[in-house]
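Architecture at a glance
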Amino acid sequence: MNKEHAWKILESQQVRMKQIHLSDLFAADSQRFESFSLKFKDILVDFSKNHINKETLQQLLDLARACGLKEERDRLFSSEHVNSTEDRAAMHMALRHRSSKPVMVDGKDVMPDVRSVLVQMAEFCHAVHSGDWRGSTGKKIENVVSIGIGGSDLGSDMAIKSLQAYAIPGIKIHCVSNVDPSHLARTLCDIDPETTLFVIISKTFTTLETMTNARHARLWLLDSGCSEASIVHHFVAVSTNTQAVADFGIDPKNMFQFWDWVGGRYSMWSAVGLPIALSIGMPCFEEMLEGAYEMDRHFLETDFNKNIPVILALLGVWYINFWGATTHAVIVYSQQMSQFPTFLQQLVMESLGKSVTHDGRAVDYLTSPVTWGNSGTNSQHAFFQMIHQGTQMIPADFLAPARNSDGTTEQQQQLISNFIAQTEALMKGKSLQTVEQELAMDGQSPGKISQLAPHKVFPGNKPTTSILFEKITPATLGSIIAMYEHKTYVQSVIWNINAFDQWGVELGKHLAAKVLDELGGDNALLTHDGSTNGLIRYARAMAEKT
Ligand code: G6Q
């Protein structure tokens, strides 16, 4: 079957499926949960509350086959240059590869280098934690300030917060990303320069925000009385660009290497994750790698009809391309994982926010969903209104750890009951008849009932996928992140787009430079459009106010 044919079959299937309410699918099949849920270790993925039946799933799998998913998955894992526009492999899986087999990238086994950086990270973390590595005045390091942005920040920030329960006592990790002066200044105002270590993370070591913040961090140390010669005790770098690290004044022996076959948003498994390792210790960091590796194997070795990243990706394609959904919500019933939707937003939208195919043709179908979300139950008191009663279809993933050792069982049970009850309510809804009966039982008059009832109806029929796991551990977090990475790749294959470039980000890196010159100058002749000229003049005038 070719792709066009598979696509047409799914279009007809959507016409059929949209006639059937989700609750009727459950009423008709007592085994629906068993048929449409999968388990990976302790992670239960229940996708039964989606607009599918066995036929739909088969048709989606046919589409995947017609798009050459098996061949493309093998190309990814064989280090072929799947990042076509940058002519690179996307081999982040090598960073968490745990078997003794070699991993060849561009004719070289990369595992010796990968392992040697892991050893360097382990030695460094041990030195910092034990106090062998000290600040210039001999004090133990108590604060680590990670400076990086985008892919060099979001993964670490999210994992450090998610794994707070594993944090090593006596050391606090702060992530600074924004060039907004408040981010660095507010972070530094409460910490002691003598006990602070900066980790400067940048693949290119040229990113404006990171380099500017790094320079200011250095000035802060010098202002505190630290000499130029002693600054080495307070700075390490993570980069692919040794020369730029040396030019900045960081001793290359205090640099942790990674490689151009690791994309920024896929790099938290490399030394980019050093702040994570400093927070939770290297054994826990390695457990996170192990969890991701197990998910890599699941993706690589499991038949597509039981393959979790494949199923999740196809559900996304189903809603985006056949139901017209333009957004995908991610609700995490865990305060510690509240940064997860932000991390996922970059992974998905930077990877899939493309409008041309690999060979440069404009696509004539939707690609990346707007990916967004927040923690539950907070979101229930904020934007759930629109998911329940708005006009758009918003497919949502609900994630939760069933257990949490912080706080009380009562709080945790409330959290999980909200998680479960919301997915049920979104699926079932509440009919006009039920609402009218409830209002009548409340003693409302017939006039009041007919006025209020339409507002209180919940159509239901809203698709959700529940991802419920035992508790947040480094390994589980690693598996979940890798699951979403592979889901993203599968969608890129179906859409025939490059998941690993980011020309839109590159543009942003250059645009600001010209305006920056003009903002600081007094050149009256500005040659932009009227709006841009007006904004530059207004910002100049505001900056001059005392
Ligand atoms: C990620 C993107 C982007 C990148 C940042 C930081 O995939 O390419 O978010 O990670 O722009 O880049 P550097 O690591 O080079 O500073």
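Scroll up to find the structure this text is about.
The shown structure was predicted, so the numbers you read here are calculated from the model rather than taken from an experiment.

Moving on, we come to the side chain of asparagine 213. Relative to the elements of secondary structure, asparagine 213 occurs in helix H9 (residues 208-223). If sequence neighbours within four positions are ignored, asparagine 213 has contacts with Ile147, Val176, Ser177, Asn178, Val179 and Leu184.

Over the atoms a probe the size of a water molecule is rolled, and this reveals where empty space is left. Per the stated rule, a full pass over the model turns up four cavities of 30 Å³ or more. Around the largest cavity, the lining is made up of 14 residues, and of these Ile320, His328, Pro369, Lys487 and Gln491 lie nearest the centre. Partitioned by chemical class, the residues of the lining of the largest cavity number eight nonpolar, five polar and one charged. Of the volumes computed, that of the second largest cavity is approximately 70 Å³. Together, Asn50, Leu312, Leu315, Gly316, Tyr319, His328, Pro395, Ala396, Asp397, Thr465 and Lys487 line the second largest cavity. Residue assignment for the lining of the second largest cavity shows that the elements contributing at least two residues are helix H13 (308-322) and strand S12 (396-401). With four residues, H13 is the single largest residue contributor to the lining of the second largest cavity. The residue inventory of the lining of the second largest cavity, partitioned by class, reads five nonpolar, four polar and two charged.

The next thing to look at is the sheet that holds strand S8 (residues 235-239). As summarised here, the arrangement of the five strands in space is S6-S5-S7-S8-S9, forming an open sheet in which the pairing is parallel. This sheet does not close on itself; its edge strands, each paired only once, are strand S6 (172-176) and strand S9 (255-257). In this sheet, neighbouring strand axes are inclined to one another by 20° on average, regardless of whether the strands run parallel or antiparallel. Pairing geometry for strand S7 (residues 196-201) and S8, over four bridges, is parallel. In the strand pairing of S8, isoleucine 201 is matched with valine 238. Against the sheet, helix H8 (residues 181-188) touches strand S5 (143-147), S6 and S7, its axis set at about 165° to S6. Each of S5, S6, S7 and S8 is contacted by H9, which is oriented at about 160° to S7, the strand it contacts most.

Bringing the pairing of strand S13 (residues 464-469) into the picture now. Across the six residues of S13, five count as buried, placing the element largely inside the fold. Taken together, the three bridges between strand S2 (residues 43-46) and S13 define a ladder with antiparallel strand orientation. Note that in S13 the partner of valine 45 across the bridge is isoleucine 467. Note: S12 against S13, six bridges, orientation parallel. Within the sheet, the bridge partner assigned to phenylalanine 398 lies in S13 and is serine 466.

Strand order in the open sheet formed by six strands is S1-S2-S13-S12-S10-S11, and the pairing between neighbours is mixed. Each edge of the open sheet is held by one strand with a lone partner, namely strand S1 (37-40) and strand S11 (370-375). Strand-to-strand, the axes of this sheet are offset by a mean angle of 15°, without reference to chain direction. Most of the contacts of H13 go to S1, to which it runs at about 140°, and overall it touches S1, S2 and S13.

What follows concerns the site of the ligand. With respect to spatial proximity, 14 residues lie near the ligand, and among them Ser152, Ser202, Lys203, Thr204 and Thr207 are the closest. Separating an oxygen atom of the ligand from a side-chain N or O atom of glutamine 346 is a distance of 2.7 Å. Relative to its free-state accessible area of 410 Å², the ligand is covered by the protein chains to the extent of 93%. Given that more than half its atoms are within 2 Å of the pocket grid, the ligand belongs to the largest pocket. Along the lines of polarity and charge, the residues of the shell around the ligand split into one nonpolar, nine polar and four charged.

Rules used in this analysis
Residues numbered from 1 in each chain as written. Predicted model: local features only at pLDDT ≥ 70, side-chain atom pairs only at ≥ 80, totals over all residues. Heavy atoms only, no water. Helix = DSSP H or I, 4+ residues; strand = E, 2+ residues; numbered from the N terminus. Contact = heavy atoms within 4.5 Å. 1 Å grid on protein atoms, 1.4 Å probe; cavity = no way out; pocket = protein on both sides within 12 Å on 5 of 7 lines; lining within 4 Å. Points joined across faces, edges and corners; volume = space filled by probe spheres on them. Nonpolar A, V, L, I, M, F, W, Y, C, P; charged D, E, K, R; others polar. Pairing = 2+ DSSP bridges. Axes fitted to C-alpha atoms, helices over the stretch in contact; angles between N-to-C directions. Buried < 20%, exposed > 50% of the residue type's maximum accessible area, 1.4 Å probe, protein only. Near = heavy atom within 4 Å. Polar contact = N/O pair within 3.5 Å; in protein donor to acceptor, adjacent residues only side chain to side chain. Areas by Shrake-Rupley, 256 points an atom, 1.4 Å probe, with all protein chains shown as cover. Sits in = over half its atoms within 2 Å of the grid points.

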